[in-house]
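Spelled out from the first residue to the last, the chains are:
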Amino acid sequence: MWSAGRLWQVFIAVAAVAALATLFGPADRWWGVDIGATGALLFFLSVVGLLVLLALRPGEVFPEDWSPTERRSWMRLLITALILLAFAKYLWVLSQADPVPKRIGELPGRQLIHFIFVLIIAWGISERLMARAAGPVSEDERDLRLRIAADGAGDLALSFALVVCVVLLASLPASHLEWWLNPLVLANVFIVLLIARALIENLAMITLYARARR
Amino acid sequence: MSEILIRNRIRELRLARADLTQEKLGAACGVTRQTIIALEAGKYAPSLELAFKLALALGTTLDEVFQYEEKY
């Protein structure tokens, strides 16, 4: 029989592969199987599995010496990575749209909205479950010190990305500039930057925890 | 360049009181059990406020719990 920790890793791996199949799977059927739909179903089932496991065995899913904040950072890292992947795919679809949508209602985002909706619901439930399992204290001065450092790393990454965007925009030929300066394209790029910032912050957070344990 | 070492006797003093678990000590000081684990392993230097709280919860004085060393 698998331990809760091993089962958790299996669900995470299945969810990650299923998310990739949903987002980047081929449009055609493969050996009669609709990769996108099968991936979406597997993704949904593995997310439900993760939440059930977190509800039933909260103390066994993560290593004992991981603080509640570190556990939440891992969940946030996973979720922001998936949201970022979904947005990257979405930007790719948007770049192929001809003409570029001018209104929000014209955006080709139904698949993205479904995917992100499932992730945000799962995120909310997992935060509640982990807060319930955290015990009398869920965050303390050690967590806050690491959070401040991770926050700084996120801000630095965002500043760097903004400077890169400005330099790229300034160096683009006028014919390409028109597409990038479309308000909906620009808004989506800014959303991607903010999600990337959250991803870097959580990555820095778990790296700092791992380093503090050494 | 000198290296500062802060040693502590938290584990020793906690184990001397049979009923004091890491969880209970953490709750008494307002920190998580994982922070107590890090402190006992010498992998975290607490703030002055937390150091006083730990000494109080362990029923002793600050200099009984923490020792400061400087290595050259």
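Computed from a prediction, not measured in an experiment: that's the story for all the values here.

Criteria and thresholds
Residues numbered from 1 in each chain as written. Chains lettered and ligands numbered in written order. Predicted model: local features only at pLDDT ≥ 70, side-chain atom pairs only at ≥ 80, totals over all residues. Heavy atoms only, no water. Helix = DSSP H or I, 4+ residues; strand = E, 2+ residues; numbered from the N terminus. Buried < 20%, exposed > 50% of the residue type's maximum accessible area, 1.4 Å probe, protein only. Contact = heavy atoms within 4.5 Å. Lys, Arg positive; Asp, Glu negative; His and termini not counted. Charge placed at Lys NZ, Arg CZ, Asp CG, Glu CD. Phe/Tyr/Trp six-rings, centres within 6.5 Å; stacked < 30°, edge-to-face > 60°. Buried area = accessible area lost by both parts, 1.4 Å probe. Salt bridge = Lys/Arg side-chain N within 4 Å of Asp/Glu carboxyl O.

A. Expanded view of the overall build of chain A. Per the secondary structure count, chain A includes 8 helices and 0 strands. For chain A, the spread of C-alpha atoms along the principal axes amounts to about 55 × 50 × 30 Å. Looking at chain A as a whole, 36% of its 214 residues qualify as buried. Relative to all contacts within chain A whose residues are 6 or more apart in sequence, the contacts with residues 24 or more apart total 81%. In chain A, 19 side chains carry a positive charge and 17 a negative one; their mean positions are 3 Å apart.

B. Up close: the packing of aromatic side chains. All names here are of chain A. The full count for this structure, using the stated rule, is 5 aromatic pairs over all chains. Residues Phe-43 and Phe-115 carry aromatic rings whose centres are separated by 4.9 Å and whose planes lie at 25° to one another, so their mutual orientation is stacked. Here Phe-115 lies in helix H5 (residues 110-133) and Phe-43 lies in helix H2 (residues 35-56), a separation of 72 residues in the sequence. According to the relative accessible area criterion, Phe-115 is buried, its value standing at 6%.

C. View of the interface of chain B and chain A. Each partner contributes to the interface: chain B provides 17 residues, whereas chain A provides 18 residues. Taking both sides of the interface into account, the surface hidden between chain B and chain A amounts to around 1,200 Å²; carbon and sulfur atoms contribute 51%. There are 1 salt bridge connecting chain B and chain A. With a closest N to O distance of 3.0 Å, A:Glu64 and B:Arg33 form a salt bridge.

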